[in-house]
Amino acid sequence: IAHMQNCIGQYGKIIFDGKPFDAINDAVKIGYMPEERGLYKKMKIGEHLIYLARLKGLNKSEAIAKVEKWFKHFDIESWKNKKIEDLSKGMQQKVQFIATILHDPELLILDEPFSGLDPINANLIKDEMIALKNNGTSIIFSTHRMESIEEMCEDIALINNGEIILQGNIKEVRREYKKNLFQVTLADGVLWPSILDTKYSAKAIDEHNYQIYLQQHTPNEFLSEILSTATAIVGFQEILPTVNDI
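Below, the structure is looked at part by part.

### Topic: the packing of helix α2 (residues 45–55) against helix α3 (residues 60–73)
Reasoning step 1: Between α2 and α3, the least distance of the axes is 9 Å, while the angle of their chain directions is 130 degrees. Our classification of the angle between α2 and α3 gives oblique. When you trace α2 past α3, the crossing you get is right-handed. For the pair α2 and α3, the contacting residues are I45, G46, L49, I50, A53 and R54 in the first and K60, A63, I64, V67 and F71 in the second.
Reasoning step 2: Of the residues that constitute the contact of α2 with α3, the class distribution is 8 nonpolar, 1 polar and 2 charged.

Given below as structure tokens:
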């Protein structure tokens, strides 16, 4: 804690919940899960989680109750007396996630939370993160998995060499980088009307879908013209760039 206070004073300041960060009283309101697992390999899982919960301010009975609750929730009650070293990396990640949220933190900081997890357990952790967010927990997580960012995040900060080079609401960022591309979906058996080729260059995505670039025309103008050719359309949407594209 003293080191944390010194770092804050040396490098800048932290505002937590609208007030200067208090390393003693505010630290217990934070849950942090590093990418590299910080678990004691020789300890039994149940004892280890109770120990970590008590470090975060829970008394013994509270810690036991919380551990029992999460063991039951994740259907891992049989793990209680196993040692950390006996678990796979993915299972250790699950235990570390439980340790991070046992004390009901107001802020979660997660570094690559899906590292080492198979798809089933990755979805399990993802669902828990979304549930925590919906219950009022603020979550900051670092990841290189762009699909996770698009699926889960409201805001993004892209960092390169220690500098933020892109920041903002993820929907607004994607719209900022849009290129006026649209996808048109035609009904079964309907062909693209060649009469529009002189005005709109269409690129076939598959037998039903076409990509068009609207530079000088509005979407309404295009729809009006294609409908005037009696072409049956079943879908029309703007193609926004993915975070990976950006």
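### A few points about the side chain of T143
Reasoning step 1: By the element assignment, T143 lies in the loop between β5 (138–142) and α6 (146–152).
Reasoning step 2: In terms of polar contacts, T143 uses its side chain to reach the backbone amide nitrogen of R145, at 3.0 Å.
Reasoning step 3: Here T143 is in contact with E112 and I149, once residues within four sequence places are set aside.

### Concerning the environment of I195
Reasoning step 1: Along the chain, I195 turns up in the loop between β8 (181–186) and β9 (202–204).
Reasoning step 2: A residue is classified by how much of its surface remains accessible, and I195, at 60% relative accessible area, is exposed.
Reasoning step 3: For the pair I195 and I226, spaced 31 residues apart in the sequence, the C-alpha separation amounts to 9.3 Å.

### Description of the nonpolar core
Reasoning step 1: One finds I45, L49, V95, F97, F114 and M129 to be the most contacted residues of the largest nonpolar core, which totals 40 residues.
Reasoning step 2: Breaking this core down by element, the ones donating at least two residues are α2, α3, α4 (89–101), β4 (107–111), α5 (119–134), α6 and α7 (170–176).
Reasoning step 3: Considering every element that reaches this core, the biggest residue donor is α4, with 6 residues.
Reasoning step 4: Setting aside chain neighbours within four positions, we find F114 in contact with Q93, A122, I125, K126, M129, F141, R145, S148 and M152.
Reasoning step 5: Grouped together as the second largest cluster of nonpolar side chains are 11 residues, F182, L186, W192 and F222 included.

### Observations concerning α3
Reasoning step 1: Across its 14 residues, α3 extends 20 Å between first and last C-alpha, which sits within 8% of the 20 Å expected from 1.5 Å per residue.
Reasoning step 2: Of all the positions in α3, only A63, K66, V67, W70 and F71 are classed as buried. Along the axis of α3, the buried residues cluster in a sector spanning 135 degrees; they form a single face. Facing away from the buried side of α3 by more than 90 degrees, the exposed set consists of S61 and K72.
Reasoning step 3: Residues of α3 that are buried in the fold lie against α2, α4 and α5.
Reasoning step 4: Looking one or two residues past α3, D75 carries a phi angle of roughly 55 degrees, positive in sign.

### What about the packing of aromatic side chains?
Reasoning step 1: If you walk through the whole model with that rule in mind, you get 9 aromatic pairs.
Reasoning step 2: Ring plane angle 85 degrees and centroid distance 6.3 Å describe the contact between F114 and F141, whose orientation is recorded as edge-to-face. With a gap of 27 residues between them, F114 in the loop between β4 and α5 and F141 in strand β5 connect regions that are remote in the sequence. F141 carries the same exposure label as F114, and that label is buried.
Reasoning step 3: For the ring pair Y200 and F222, a centre distance of 5.1 Å and an interplane angle of 80 degrees mean the geometry is edge-to-face. Of the two residues, Y200 is situated in the loop between β8 and β9 and F222 in helix α8 (residues 219–228); the sequence distance between them amounts to 22 residues.
Reasoning step 4: For F222, a relative accessible area of 0% translates into the label buried.
Reasoning step 5: The rings of F182, W192, Y200, Y210, F222 and F236 are connected pair by pair, giving a single aromatic cluster.
Reasoning step 6: Above the face of the F74 ring, K94 is positioned so that its terminal group lies 5.8 Å from the ring centre.

Scoring rules and cut-offs
- Residues numbered from 1 in each chain as written.
- Predicted model: local features only at pLDDT ≥ 70, side-chain atom pairs only at ≥ 80, totals over all residues.
- Heavy atoms only, no water.
- Axes fitted to C-alpha atoms, helices over the stretch in contact; angles between N-to-C directions.
- Helix = DSSP H or I, 4+ residues; strand = E, 2+ residues; numbered from the N terminus.
- Parallel < 35°, antiparallel > 145°, perpendicular 65-115°, else oblique.
- Left-handed = near helix turned anticlockwise from the far one by under 90°.
- Contact = heavy atoms within 4.5 Å.
- Nonpolar A, V, L, I, M, F, W, Y, C, P; charged D, E, K, R; others polar.
- Polar contact = N/O pair within 3.5 Å; in protein donor to acceptor, adjacent residues only side chain to side chain.
- Buried < 20%, exposed > 50% of the residue type's maximum accessible area, 1.4 Å probe, protein only.
- Core = buried A, V, L, I, M, F, W, Y, C linked by side-chain atoms within 4.5 Å.
- Expected span 1.5 Å × (residues − 1).
- Arc of directions from axis to C-beta.
- Phe/Tyr/Trp six-rings, centres within 6.5 Å; stacked < 30°, edge-to-face > 60°.
- Lys NZ or Arg CZ within 6 Å of the ring centre and 35° of its normal.

Treat this as a map of the structure, not an account of what it does.
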